[in-house]
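The chain contents come next:
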Amino acid sequence: MTETLPSRSRRALDPDGFRRALAVHAAGVVVITAQSGGVPVGLTATSFSSVSLDPPLVSFYVDRSSTTWPSLRSAGHFAVNVLASDQAELAARFARKNVDRFAEPTRWRPGPLGAPLLQDVSAHLICLPHETVYVGDHILVVGQVAEATVHGPGRPLIYHQGRFGRFIAHPEERA
Ligand SMILES: Cc1cc2nc3c(=O)[nH]c(=O)nc-3n(C[C@H](O)[C@H](O)[C@H](O)COP(=O)(O)O)c2cc1C
């Protein structure tokens, strides 16, 4: 879908209203990790999404201004660490500038191909680069999943309105 809006619909969008509308959308939280030149790198992302089952593809978007992106791009593969509900501090740490994100108290180990795997996450996906597309001020990164491992029952960490939280399922309906 490459159509653009007719010119009369292209009114200047209020950036604050745009941000507020996006903030209403709740999202799961992942940390994307890789090893680049022997150095572990990683960043928190809520833009993670499943893309395709066959072939198995997932995606995320990274800001063009990200200082982690050049290292991620040069890595031969990356890992998606799906965070659990008690890992809000880990998520905040991997979004912070000027800290060693992999230093204590972060607990991690090198994965089968070298990308760091964070401890106690709900799942890990090991991905090989499939496609990279420049879109607006972000870069769409599509990865082919080589390995997927579920570790926990899947209590997810959720991000909504600038805050981390937990998922509460509706009570099951009874007939
Ligand atoms: C909850 C949350 C979600 C985020 N999601 C993304 C994302 O999807 N893509 C992205 O590029 N940055 C995202 N960020 C920002 C990055 O985690 C990080 O702060 C940013 O990349 C700056 O660090 P860098 O220069 O090392 O890349 C998110 C931050 C937070 C707190």
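Overview of the structure. (Residues numbered from 1 in each chain as written. Predicted model: local features only at pLDDT ≥ 70, side-chain atom pairs only at ≥ 80, totals over all residues.)

Looking at the overall build of the protein
Phase 1: Scanning the protein for helices and strands turns up 3 helices and 12 strands.
Phase 2: Burial analysis of the protein (175 residues in total) assigns 26% to the buried set.
Phase 3: In the protein, of all internal contacts separated by at least 6 residues, the share reaching a separation of at least 24 is 64%. (Helix = DSSP H or I, 4+ residues; strand = E, 2+ residues; numbered from the N terminus. Buried ≥ 20, exposed ≤ 12 C-beta atoms within 10 Å, placed from the backbone. Contact = placed C-beta atoms within 7 Å.)

Examining the site of the ligand
Phase 1: The local shell around the ligand holds 18 residues, among which Ala45, Ser47, Ser66, Thr67 and Ala95 are the closest.
Phase 2: Elements supplying a minimum of two residues to the shell around the ligand: strand S3 (39-45) and strand S5 (57-63).
Phase 3: Ranked by the residues each element gives to the shell around the ligand, the list is headed by S5, at 4 residues.
Phase 4: Residues that form the shell around the ligand fall into these classes: 10 nonpolar, 6 polar and 2 charged. (Near = placed C-beta within 6 Å. Nonpolar A, V, L, I, M, F, W, Y, C, P; charged D, E, K, R; others polar.)

Observations concerning the nonpolar core
Phase 1: In terms of nonpolar packing, the biggest core is built from 31 residues, with Val30, Val31, Ile32, Phe78, Val80, Leu83 and Ala91 touching the most fellow members.
Phase 2: Not counting residues up to four positions away in its chain, the partners in contact with Leu83 are Val29, Val30, Val31, Leu90, Ala91, Val121, Ser122 and Leu157. (Core = buried A, V, L, I, M, F, W, Y, C linked by C-beta atoms within 7 Å.)

What to know about the sheet that holds strand S2 (residues 30-36)
Phase 1: Across the sheet, 7 strands lie side by side as S3-S2-S6-S9-S10-S5-S4; this open sheet has antiparallel pairing. Two strands in the sheet have a free side with no partner beyond their single neighbour: S3 and strand S4 (49-52). Taking each pair of neighbouring strands and ignoring which way they run, the sheet shows an average axis angle of 35 degrees.
Phase 2: Note: S2 against strand S6 (residues 78-82), 4 bridges, orientation antiparallel. Following the sheet pairing, Thr33 is matched in S6 by Ala79. (Pairing = 2+ DSSP bridges. Axes fitted to C-alpha atoms, helices over the stretch in contact; angles between N-to-C directions.)

Interpretation note: all reported values are geometric properties and have no functional meaning in isolation.
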